[in-house]
Amino acid sequence: METRVFDRFKAPKDWRSIFGANDKYLRSIEKNYGVNVVFRDGDLKLMGEPEALDKVEKVLLTLIDMEKRGNMADEQKVNYVMSLDQETMNEDMGTLDRDVICHTVQGKPVKPKTLGQKRYADALRKQMVVFGIGPAGTGKTYLAIAMAVQAFKNQEVGRIILTRPAIEAGERLGYLPGDLQAKIDPYLRPLYDALYQIMGAENFQHHLERGEIEVAPLAYMRGRTLDNAYIILDEAQNTTPAQMKMFLTRIGFHSRCVVTGDRTQKDLPRGTESGLDVAMRILRGIDEISFIELTHKDVVRHPLVQKIVEAYEKYDAKAKEKMEQAARYGYGRRGNKGPRPEGQRDGRPYQKEDRGEKN
């Protein structure tokens, strides 16, 4: 056990912004690293094992550095910084605050909040086609729309086209009232929400009426060639292989394309292979196409969402392992509990009828 005093010259003017309300963030740091932290008479004392104290100091320094750049600490940021390895924490965290994609209509900067999102944003700038794959809450669609709006404002493209397959999420909605547009709008609402936040409702409607922004179901893309456009396909895990091929072959000259999806949330009929899974296998060798895979560490919604996603990932991994074991050892087939012994069938010696012989 060792006791250290945090360097006063590196300390912030007010520790409360780092500690959080009722020292909530500080308690998370103590629990995560198994240390005790005491703030008394202006000194911050750290007590614990030397290796743990080194990590705590680097976490605090990273949070202080982020705050100096205007990136105030919150529960998501504290948890994310603690999840990083030490080299990444020191070298790369500073790049997040400097990478501003655009500003919302309220003037709030839109920028990557995790290093996975930073890799995603960099790929969106460089590549013609980008696949953003990851769980809910990782900012796949929002960052893609922000990048599309910025490219449109800079006149790099002449229009924005957003599409997603109109598939119900595990339920049957029946016949919806209204005209065709009213029927498909519920499926496209998440795209509208992001555009309203970044562009403003009036500005969005203005460009929509002029045909410079189009939000439509995937079926509307068939037979078209999309030149000079920023094209985003959302919820791509719900496409069939034929639909994915149809969409990717719509790309024209001076266009950019983003495909986003969560492979764990497919709503396709049972037995139907996802077009996203097929595309990942087929297209990985093409230089102009990037595949950015985000994880639960990149979730930027409420911290509880990150825990839920992580719990489901662990559950899915265990279920997959059990299925592989069942396939390997024959579990579940006529009561088999392991590899079949040589010369036996279902745990008993071979009988004549097993070999097709007659008595």
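Residues numbered from 1 in each chain as written. Predicted model: local features only at pLDDT ≥ 70, side-chain atom pairs only at ≥ 80, totals over all residues. Heavy atoms only, no water.

Draft legend 1. Just unusual backbone geometry, in detail. Unlike most non-glycine residues, D23 shows phi in positive territory, near 60 degrees. Among the structural elements, D23 can be located in the loop between helix 1 (16–19) and helix 2 (24–33). Accessibility expressed as a relative area gives 27% for D23, which makes it partly exposed. In this structure, Q155 is a non-glycine residue whose phi angle is positive, near 60 degrees. Take Q155: its relative accessible area is 71%, and that puts it in the exposed class. (Helix = DSSP H or I, 4+ residues; strand = E, 2+ residues; numbered from the N terminus. Buried < 20%, exposed > 50% of the residue type's maximum accessible area, 1.4 Å probe, protein only.)

Draft legend 2. Focus on the environment of L226. Note on placement: L226 falls in the loop between strand 8 (213–217) and strand 9 (229–233). In this structure the C-alpha to C-alpha distance between L226 and F253, which are 27 residues apart in sequence, comes to 7.7 Å. Discounting chain neighbours no more than four positions away, the residues touching L226 are R159, I161, M221, I231, R250, I251, G252 and S255. (Contact = heavy atoms within 4.5 Å.)

Draft legend 3. Fine view of the packing of aromatic side chains. All chains considered together, the criterion is met by five aromatic pairs. Relative to F291, the ring of F131 lies with its centre 4.6 Å away and its plane at 20 degrees, an arrangement referred to as stacked. Of this pair, F131 sits in strand 6 (residues 129–133) while F291 sits in strand 11 (residues 289–293); the two residues are 160 residues apart in sequence, bridging distant segments of the chain. Since its relative accessible area comes to 0%, F131 is described here as buried. With a centroid separation of 5.7 Å and an interplanar angle of 80 degrees, the aromatic rings of Y192 and F204 are classed as edge-to-face. Taken together, the residues Y192 in helix 8 (residues 180–199) and F204 in helix 9 (residues 201–209) connect sequence positions 12 residues apart. The buried category is assigned to F204, whose relative accessible area is 0%. Following the ring pairs from residue to residue traces out a cluster consisting of Y192, Y196 and F204. The ring of F291 carries the charged tip of R284 above its face, separated from the ring centre by 4.8 Å. (Phe/Tyr/Trp six-rings, centres within 6.5 Å; stacked < 30°, edge-to-face > 60°. Lys NZ or Arg CZ within 6 Å of the ring centre and 35° of its normal.)

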